[in-house]
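Per-entry structural report
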Amino acid sequence: MNLLELLRGRFFKALEGWAPDPLTASALVKPATDAKFGDYQANAAMSLGKAMGKPPRQVAEEILAKLKWDDILEKPEIAGPGFINLKFRNEYLQGQLTVAANDDRIGIAGVSRPGRFVIDFSGPNVAKPMHVGHLRSTILGESLARLHRFLGHMVITDNHLGDWGTQFGILLYGYRNQLDAENLKKNPVAELARLYVEVRKGFKSGTDEEAEGDPVQDACRLETVKLHQGDKENLALWKQFMPFCLEEIDAVYQRLDVHFDHTLGESHYQPMLAKVVADLLGQGIARESQGAIGIFLTEEGTPALIRKRDGAYTYTTTDLATIDYRIREFNPTDILYVVDSRQHLHFQNLFETARRWGRTGPENGPRLVHVPFGSVLGADRKPIKTRDGKAVANLDQLLDEAVRLAGEIFDANRAEDAEPENRAMVAETVGIGAVKYADLCQNRTTDYVFSWEKMLAMDGNTAAYMQYAYARCQSILRKAGAGPDTLDTKASIHLATAEERNLAIQILRMEEILVASASELRPNILTGYLWDLAKSYSSFFQNCPVIKAPPTLLPSRLLLCHLVARCLKLGLELLGIKVIERM
RNA sequence: GCCCGCGUAGCUCAGUGGAUAGAGCAACGGUUUUCUAAACCGUCGGUCGCAGGUUCGAUCCCUGCCGCGGGCACCA
């Protein structure tokens, strides 16, 4: 049940026919800014009063005269300059909770008009160790995919691997000059990772000028060019290396519970690039300049190059071919790119070029959306760059550390009926959850200060808090003998205390939250909700005995625990975070 | 130089054209014979960078300024 939409619908009907722009005015129904004002509030009377030349409070009276409220709301109150405060009747909430308890989607409807979303995320460079910088795209993308799917959209996830770039030249160079053949046989994944790091160590560091004329870098570039030109040996090595590279990143995805429908890397589009360039040249969208071919979107601005002087194509070319391919293959309504905000200009250029190319427009093709996110900052608050190849916290080490800490906390805190044999599982779930949540709970667009301390904190607004609340729900249900078959989901719910009523509202707000979180592409809206829900539950837990509740309240409270557990589990699942029955 | 983003409590960060700007951490104090104390309750803490403007109402929208970060032709 979407309470917000329900109220907006009611207000729209009340305003229709006499107020200007009833749609905008009804959208001014919002969650109450303070619980003492009720559950929701309508702020339309002030602006309507101005527009209609009447005192706002009088307008509020007129709205209320036309508003149908008595079946769902307490009598609405007009407050202050003309706020209309709205509070649901307990009978209504109780009825909706019963509906939710007997629905396998907790009463959450899907969207009425499903879209087809291609979501492009993660996109690591293979042959290059994954580090914390890859975390945000991976975690955000997975969460957005899960959210959209749950709401009924068709979702196609695609991992646009960097499997054809200069980093492969580095591997090829390393293979030829610094190979430990023995190690390659025994542990190919580790040997390739070692080669990459070793070769990078030999690079001249510092500014671009200083790195200019670096013989090692030049040699690596040459290997890349040979690969792109179809050099047999390099191509054979590429084919030999790829499975090992994929094995390494797949292990990380498995651990993070991240999944893709497609993994179409840059190499997949190689055969299409020449035609893209020819096409853009032919249509006069691109032109030759200083030996390269570029797209000049503005008179004075720098062009987006689609072919370099040496004949190599760029990522703009690949991305254009990818758009073309995705439209033909998937016919999406939307393509989302979950990519670092530093690439914003690239996407602006890309989308504008796609438009001129006729692939998208107001009347045709998908909506192309860059979903930007802030940089990973080091302790010095400077972005951790992937280009300089400096040691950045390795992803696996990071996850191991999180899991280790979660294990320690398990040892220090575990409840009497926790199961020691589950220690590893609990630590893994809590540790990985902590890392994911630390990322998801922040506004996507802000920079992310990398801090072990913050990531591994188990206090406050963290996954562990939600997992803990869930485990407490399950513990109560277990002790009450209320299993899947024995819980009375038809029991009538009583909202006897403020804590219970608060829980009821929280549970029923979930649909509104999921819709907002998906449409704004912001999982932190969902984390904020889960935090509120879990806090409400902790408060309930503290103040409302369940098992020792009077017989009239016991079935109701059990059902509330059950519903909270389901909301927490679903919400965390949509963030890609797992729950545990005992911790 | 041009473009993009950011500036909110000691720290890390939410937040919205609406009522008294919130949370976590830190600090301080309280709560356990009772369903998991990884918890709960409370106290302390603010010229929402500065100055104008639009508005019935601005931390939010607009303009200027200051500060910080990022991007801007052959890396992706």
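**So, the overall build of chain A**
Check the secondary structure of chain A and you find 23 helices and 13 strands. Taken along the three principal axes of its C-alpha coordinates, chain A extends 80 × 65 × 40 Å. Relative to all contacts within chain A whose residues are 6 or more apart in sequence, the contacts with residues 24 or more apart total 74%. Split by element, the accessible area of chain A, about 27,000 Å² in all, is 51% carbon and sulfur. Chain A carries 69 positive and 75 negative side-chain charges, and their two centres are separated by 3 Å.

**Observations concerning the sheet that holds strand 2 (residues 40–42)**
Sheets are built from strands that pair by backbone hydrogen bonding, the pairs being arranged parallel or antiparallel. In spatial order, the strands read 1-2-4-3; together these 4 strands make up an open sheet with antiparallel pairing. Pairing within the sheet leaves two strands with one partner each, and these edge strands are strand 1 (29–31) and strand 3 (77–79). On average, adjacent strands in this sheet sit at an angle of 30° to one another, irrespective of strand direction. Pairing geometry for strand 3 and strand 4 (residues 83–86), over 3 bridges, is antiparallel. Residue pairing across strands places Ala 79 opposite Phe 83, the latter belonging to strand 4. Strand contacts of helix 1 (residues 3–15): strand 1, strand 2 and strand 4, with the helix running at about 155° to strand 1, the strand carrying the most contacts. Packing of helix 4 (residues 56–66) onto the sheet brings it into contact with strand 3 and strand 4, and relative to strand 3 it is tilted by some 165°.

**Examining helix 14 (residues 315–330)**
For helix 14, built from 16 residues, the straight-helix expectation of 22 Å at 1.5 Å per residue is met to within 8% by its first-to-last C-alpha distance of 21 Å. In terms of residue burial, helix 14 counts as a mostly covered element, since 13 of its 16 residues are buried. Two or three places before Thr 316, at the start of helix 14, stands the capping residue Thr 314, its side-chain oxygen 3.2 Å from that residue's backbone nitrogen. Count one or two residues on from helix 14 and you reach Asn 331, which has phi positive near 45°.

**Some words on the pattern of salt bridges**
Summed over the entire model, instances satisfying the criterion amount to 34 salt bridges. In this structure, Arg 146 and Glu 142 form a salt bridge, with 2.7 Å as the shortest nitrogen-oxygen distance. One end of the pair, Arg 146, and the other, Glu 142, are both in helix 6 (residues 135–150), 4 residues apart, so they sit about a helical turn from each other. Salt-bridge contacts for Arg 194 lead to Glu 191; the nearest nitrogen and oxygen are separated by 2.9 Å. Taken as a pair, Arg 194 and Glu 191 lie in helix 9 (residues 188–201) at a separation of 3 residues, close to a single helical turn. Looking at Arg 194, the relative accessible area reads 31%, which means it is partly exposed. Salt bridges linked by common partners bring Glu 142, Arg 146, Asp 257 and Lys 578 together as one network.

**Points about empty space enclosed by the protein**
According to the stated counting rule, one finds 3 cavities of 30 Å³ or more in the structure shown. Every residue lining the largest cavity is listed: Met 1, Gln 96, Val 99, Ala 100, Ile 106, Gly 107, Ile 108, Ile 507, Leu 508, Met 510 and Glu 511. Top element by residues in the lining of the largest cavity is helix 5 (residues 90–101). It accounts for 3 residues. Residues that form the lining of the largest cavity fall into these classes: 8 nonpolar, 2 polar and 1 charged.

**As for the protein's contact with RNA strand B**
Surveying the vicinity of RNA strand B reveals 62 residues, the closest of which are Lys 50, Glu 266, Thr 446, Tyr 465 and Lys 479. For RNA strand B, the fraction of atoms within 4 Å of the protein that belong to sugar or phosphate moieties is 53%. Separating a base oxygen of RNA strand B from a side-chain N or O atom of Lys 36 is a distance of 2.5 Å. Between a base nitrogen of RNA strand B and a main-chain N or O atom of Val 546, the distance comes to 3.0 Å. Going through the elements one at a time, helix 3 (44–52), strand 4, helix 16 (395–413), helix 19 (463–479) and helix 22 (523–543) are the ones with two or more residues in the surface near RNA strand B. Considering every element that reaches the surface near RNA strand B, the biggest residue donor is helix 19, with 7 residues. Class assignment for the residues of the surface near RNA strand B results in 25 nonpolar, 20 polar and 17 charged.

**Let's talk about the packing of helix 9 against helix 12 (residues 232–256)**
Axis separation between helix 9 and helix 12 bottoms out at 9 Å; the angle between their running directions is 95°. The orientation of helix 9 with respect to helix 12, classified from their angle, is roughly perpendicular. Taken together, the residues of helix 12 that come into contact with helix 9 (itself represented by Pro 188, Val 189, Leu 192 and Ala 193) are Phe 241, Phe 244, Cys 245, Glu 247 and Glu 248. Looking at the contact of helix 9 with helix 12, its residues break down into 7 nonpolar, no polar and 2 charged.

**Re the domain arrangement of chain A**
By the assigned domains, chain A splits into domain 1 (3–88), domain 2 (118–377) and domain 3 (396–574). Using only C-alpha atoms to locate each centre, domain 1 and domain 2 end up separated by 51 Å.

**Examining unusual backbone geometry**
Notably, Ala 127 is not glycine yet its phi reads approximately 75°, a positive angle. Relative to the assigned elements, Ala 127 resides in the loop between strand 5 (116–120) and helix 6. Although it is not a glycine, Gln 290 adopts a positive phi angle of roughly 50°. Topologically, Gln 290 is positioned in the loop between strand 7 (287–289) and strand 8 (292–295). For Gln 290, a relative accessible area of 70% corresponds to the exposed category.

**A closer look at the pairing of strand 10 (residues 334–340)**
The buried fraction of strand 10 amounts to 7 of the 7 residues, a majority that puts the element mostly inside the structure. Bridge analysis of strand 5 against strand 10 gives 4 bridges, and the strand direction is parallel. Within strand 10, the position partnered with Ile 119 by the bridge is Leu 336. Across 7 bridges, strand 10 lies against strand 11 (residues 367–373) in parallel orientation. Considered in strand 11, the bridge of Asp 340 is made with Phe 373.

**Some points on the sheet that holds strand 5**
What the 4 strands build is an open sheet, ordered 6-5-10-11; its pairing is parallel. Each edge of the sheet is formed by a strand with only one pairing partner; in this case those strands are strand 6 (154–158) and strand 11. Pairs of neighbouring strands in the sheet enclose a mean axial angle of 20°, with direction left out of account. Against the sheet, helix 6 contacts strand 5, strand 6, strand 10 and strand 11, and its axis sits at roughly 160° relative to strand 6. Sitting on the sheet, helix 14 is in contact with strand 5, strand 6, strand 10 and strand 11, with an inclination near 145° to strand 5.

**Focus on the environment of Val 155**
If you trace the backbone, Val 155 turns up in strand 6. On the basis of relative accessible area, Val 155 is assigned to the buried category, the value being 5%. Taking C-alpha positions, Val 155 is 28 Å from Gly 431, a pair spaced 276 residues apart along the chain. Beyond its immediate chain neighbours, meaning those up to four positions away, Val 155 contacts Phe 117, Ile 119, Ala 145, His 148, Arg 149 and Asp 261.

How each quantity is defined
- Residues numbered from 1 in each chain as written.
- Chains lettered and ligands numbered in written order.
- Predicted model: local features only at pLDDT ≥ 70, side-chain atom pairs only at ≥ 80, totals over all residues.
- Heavy atoms only, no water.
- Helix = DSSP H or I, 4+ residues; strand = E, 2+ residues; numbered from the N terminus.
- Contact = heavy atoms within 4.5 Å.
- Areas by Shrake-Rupley, 256 points an atom, 1.4 Å probe, with all protein chains shown as cover.
- Lys, Arg positive; Asp, Glu negative; His and termini not counted.
- Charge placed at Lys NZ, Arg CZ, Asp CG, Glu CD.
- Pairing = 2+ DSSP bridges.
- Axes fitted to C-alpha atoms, helices over the stretch in contact; angles between N-to-C directions.
- Expected span 1.5 Å × (residues − 1).
- Buried < 20%, exposed > 50% of the residue type's maximum accessible area, 1.4 Å probe, protein only.
- Polar contact = N/O pair within 3.5 Å; in protein donor to acceptor, adjacent residues only side chain to side chain.
- Salt bridge = Lys/Arg side-chain N within 4 Å of Asp/Glu carboxyl O.
- 1 Å grid on protein atoms, 1.4 Å probe; cavity = no way out; pocket = protein on both sides within 12 Å on 5 of 7 lines; lining within 4 Å.
- Points joined across faces, edges and corners; volume = space filled by probe spheres on them.
- Nonpolar A, V, L, I, M, F, W, Y, C, P; charged D, E, K, R; others polar.
- Near = heavy atom within 4 Å.
- Parallel < 35°, antiparallel > 145°, perpendicular 65-115°, else oblique.
- Domains from an automatic or database assignment.

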